[in-house]
Amino acid sequence: MSNDGKAAMEVRGEGDTTLKLKGDNTLKSGNNHAGVEKNDDTSTGKLTITAEDTSSSLNAYGGHGGAGIGGGNQRSTLNLEIANGKIHAVGGLLGAGIGGGGFGGNGEVSISGGEVTAQGGNFAAGIGGGAQGSGKVTIKNGKVTAKTNGAAAAIGGGIGGSGDVTILDGTVTATKK
């Protein structure tokens, strides 16, 4: 947990990163940061979150303006995949649950498995764009629940943003909280 205005976990650099979950994990970030942060301006590779044991979990909470998993405040994220595990992500004020940070953060997210629950902050998508951000989301499989607090899509763009959503398989529930 970060109380000093930093990300609890941040991905940086050009290479691909795989986060393999073991057991139960909780990450909570400070203001302006995502719980698990991957910003396009500091990380060009792909982030994949997975687990060999499907009961392994990650609870990720963004600080004010940050996504639960994805971009920090005013930051976009691309190349983000959830492949397995029990994922619970909550965006901070204006941040997506999984995807872009608040104030224009775009999110490109792929879900290929696992049990995923994502709650966007005010005016942000559960999965996709933060407030004023667009979202490109592909769901290939898994059990997915996405929630929004305000006038954003549960899956797609935040308020003022656009959405491009493809659902190929899986069980998907999208609701307004």
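Residues numbered from 1 in each chain as written. Predicted model: local features only at pLDDT ≥ 70, side-chain atom pairs only at ≥ 80, totals over all residues. Heavy atoms only, no water.

Caption draft 1: A look at the sheet that holds strand β12 (residues 115–119). The six strands are arranged β3-β6-β9-β12-β15-β18 in an open sheet whose pairing can be described as parallel. Because the sheet does not close on itself, it has two edges, and the strands there are β3 (24–28) and β18 (171–176). Here the average twist between neighbouring strands, direction ignored, is 5°. Pairing of β12 with strand β15 (residues 143–148) involves five bridges; the strand directions are parallel. If you follow Thr117 over to β15, its bridge partner there is Thr145. (Pairing = 2+ DSSP bridges. Helix = DSSP H or I, 4+ residues; strand = E, 2+ residues; numbered from the N terminus. Axes fitted to C-alpha atoms, helices over the stretch in contact; angles between N-to-C directions.)

Caption draft 2: Looking closely at the pattern of salt bridges. One pass over the structure, following the stated rule, counts four salt bridges. We note a salt bridge from Asp40 to Lys38, for which the minimum N-O separation is 3.9 Å. The residue Lys46 makes a salt bridge to Glu81 at a minimum N-O spacing of 2.6 Å. Of this pair, Lys46 sits in the loop between β4 (36–37) and β5 (47–51) while Glu81 sits in strand β8 (residues 77–82), and the two are 35 residues apart along the sequence. (Salt bridge = Lys/Arg side-chain N within 4 Å of Asp/Glu carboxyl O.)

Caption draft 3: How the structure looks around the environment of Thr26. Following the sequence through the fold, Thr26 ends up in strand β3. Overall, Thr26 belongs to the exposed group, its relative accessible area being 53%. Non-local contacts of Thr26, meaning those with residues more than four positions away in its chain, are made with Asn59 and Tyr61. (Buried < 20%, exposed > 50% of the residue type's maximum accessible area, 1.4 Å probe, protein only. Contact = heavy atoms within 4.5 Å.)

Caption draft 4: Main features of the environment of Ala51. Inspection of the secondary structure assignment puts Ala51 in strand β5. For Ala51, a relative accessible area of 4% corresponds to the buried category. C-alpha separation for the pair Ala51 and Ile82, spaced 31 residues apart in sequence, amounts to 9.7 Å.

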